Amino acid sequence: MTTKINSLQSALKFLFGIYLIFSVNLLYAESDQETAMQVPVNQLHDALINIMKTADSSSFEERYALMENIITKTFNTALISRVVLSRYWKSLDEKTKNDFIALFDRLTISTYVNRFDSYDDESFKFLSVEPMKKERFLVKTELTQKNDDPVSFNYIVQNNNGEWKIISVIANGINDLSLKRAEYSSVIKDQGFSALIENMKQKISDLQPK
Amino acid sequence: MTGSHLFSLSKHLILICILSVATGCATTQTPDSTAGNSDDIESANRVFFNVNETLDKHLMKPIAETYVDMTPKVVRTSVTNFFDNLKYLNVIFNDFLQGKFTQGVNDSLRFLFNSTLGIGGIFDVASNDMNLAKNEEDFGQTLATWGFDEGSYLYIPLMGPNTVRDVTDQVPSTFLNPFFYVTSTVLFPISALDVINKRANLLEASNLRDEAAIDPYAFTREAFLQQRDYLIYDGNPPVAGYDDIFTEAEEESGGVLVIE
């Protein structure tokens, strides 16, 4: 009887050991994935702090070049463009699609460089990660400011060919992707696709330093 | 209750009834084909939006900008604190209606301390010294937590963006504002100051919108409705809501949404 109990205990210990190894591995895998999906967000944040700090000592073009490098690396603009143009995307030929993606990138970069133009001890803080559908995740962060309430900056990220990329930015609950999607479809419906392109070009021009 | 109060109340109720009837009829129309939140009475909303924008551009915005130029920030903060405090009974009322009892007690203390130690609400001592943060609650949020849909989006002349559900807040917020029970000519300049100060507080946001928006009407509608969701869920809306635009695109492209 004692032998039976001993063997049962040994078996349980063995199973528990295996369980531990698996769960630790799973934990590592999960935390590895969480770290990986934060990479584009951290790269974007570092670049933003950088252009804010150097706003007075560098030119718009220099900061644009820095952000261009980061935005093209961290955002999946092709997918963003597809979502933003909703049903109109399918009606475009390859060249028009590529031109739109490039234009959308220019607008995003110009907006960031224009808006993050001064530094007053702001910093970004990581908060948490929440899973969404189809391998998408929401990375939650906030921008803390010295003399104002923190601003919530959440990012939807998705793995694309082994690389995590940002597909939407949500600032204080306002989702840039759905905002643009509604706006763009309204402009296309009322004025046509070429009017949207002209409007976007005009916005880019307005965002350049005077 | 004086005759002017009754008039003010009936004005709000009539407005709500008219809007409910108007939007009730409008919902039978075919929804438009644009992406984004539904907008059953878009053509009427756009007319009111344009009227407001014109009025704002030529009157309200210049007055608000002059006010900002002429008053130090500390004064404007005190003005904001004063009017926010007057409207805070409505926040407390809705805390309790939503079952947020701890928040309701904290907000009651906040109102008490700011009204007394904060000299009629001019100083926000509750936030600064007592760690009693300001909350944003209203009757529209209460109805949302009780399960009411937002109904049609409305753009109301002089008031701005709203929804059928959220406009009902006009009733409790009017009744619970202590000014409603005061009859004096001094209320006119004070109410004007409230309006100007409110517009001044929105200058940064409206400038940002003008800078970013390609269609300011659609931008305002989407930003407003998303901001409402954010408030209803106290800054933590369910992530499932963010999936919707991808799901739509996935359905359109046969279930796959990966672009190299």
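Residues numbered from 1 in each chain as written. Chains lettered and ligands numbered in written order. Predicted model: local features only at pLDDT ≥ 70, side-chain atom pairs only at ≥ 80, totals over all residues. Heavy atoms only, no water.

Some details on the side chain of Asp-105 of chain A
With respect to the element layout, Asp-105 of chain A can be found in helix 4 (residues 94–115). At 9.3 Å, Lys-165 of chain A is the nearest oppositely charged side chain to Asp-105 of chain A, a buried residue that forms no salt bridge. (Helix = DSSP H or I, 4+ residues; strand = E, 2+ residues; numbered from the N terminus. Buried < 20%, exposed > 50% of the residue type's maximum accessible area, 1.4 Å probe, protein only. Lys, Arg positive; Asp, Glu negative; His and termini not counted. Salt bridge = Lys/Arg side-chain N within 4 Å of Asp/Glu carboxyl O.)

Remarks on helix 6 (residues 193–207) of chain A
Between the first and last C-alpha of helix 6 of chain A there are 21 Å, a value that for 15 residues agrees with the 21 Å anticipated at 1.5 Å per step. Structurally, helix 6 of chain A contributes buried residues whose contacts are with helix 2 (60–74), helix 4 and helix 5 (176–191) of chain A together with helix 10 (203–212) of chain B. (Expected span 1.5 Å × (residues − 1). Contact = heavy atoms within 4.5 Å.)

Let's talk about the domain arrangement of chain B
A common way to express how large an interface is: the accessible area buried when the components associate. Residue and element names in this part refer to chain B. Domain boundaries assigned for chain B yield domain 1 (3–19 + 41–201) and domain 2 (202–260). Across the contact, 28 residues belong to domain 1 and 17 residues belong to domain 2. Together, the buried faces of domain 1 and domain 2 total about 1900 Å²; carbon and sulfur atoms form 56% of this surface. Inspection of the domain 1/domain 2 interface yields five salt bridges. Asp-166 is the salt-bridge partner of Arg-228, the closest N and O atoms lying 2.9 Å from each other. (Domains from an automatic or database assignment. Buried area = accessible area lost by both parts, 1.4 Å probe.)

Description of the interface of chain B and chain A
Facing the 39 residues of chain B at the interface are 46 residues of chain A. Taken over both partners, the interface formed by chain B and chain A buries close to 3900 Å², and the fraction arising from carbon and sulfur atoms is 55%. Linking chain B with chain A are three salt bridges. Among the ionic pairs, Arg-46 of chain B bridges to Asp-190 of chain A, the shortest N-O distance being 4.0 Å. Between the two partners, chain B and chain A, sit twelve residue pairs in polar contact (both at pLDDT 80 or more). (Polar contact = N/O pair within 3.5 Å; in protein donor to acceptor, adjacent residues only side chain to side chain.)

A short note on the packing of helix 4 (residues 88–97) of chain B against helix 5 (residues 101–116) of chain B
Residues and elements named next belong to chain B. Where helix 4 contacts helix 5, the two axes come as close as 8 Å, and the packing angle between them is 160°. Here helix 5 runs roughly antiparallel to helix 4, going by the angle between their axes. Considering the relative orientation of helix 4 and helix 5, their crossing is left-handed. In this structure, helix 4 uses Tyr-88, Leu-89, Val-91, Ile-92, Asp-95 and Phe-96 to contact helix 5, whose residues at the interface are Phe-101, Gln-103, Gly-104, Val-105, Asp-107, Ser-108, Arg-110 and Phe-111. When its residues are assigned to classes, the contact of helix 4 with helix 5 shows eight nonpolar, three polar and three charged. (Axes fitted to C-alpha atoms, helices over the stretch in contact; angles between N-to-C directions. Parallel < 35°, antiparallel > 145°, perpendicular 65-115°, else oblique. Left-handed = near helix turned anticlockwise from the far one by under 90°. Nonpolar A, V, L, I, M, F, W, Y, C, P; charged D, E, K, R; others polar.)

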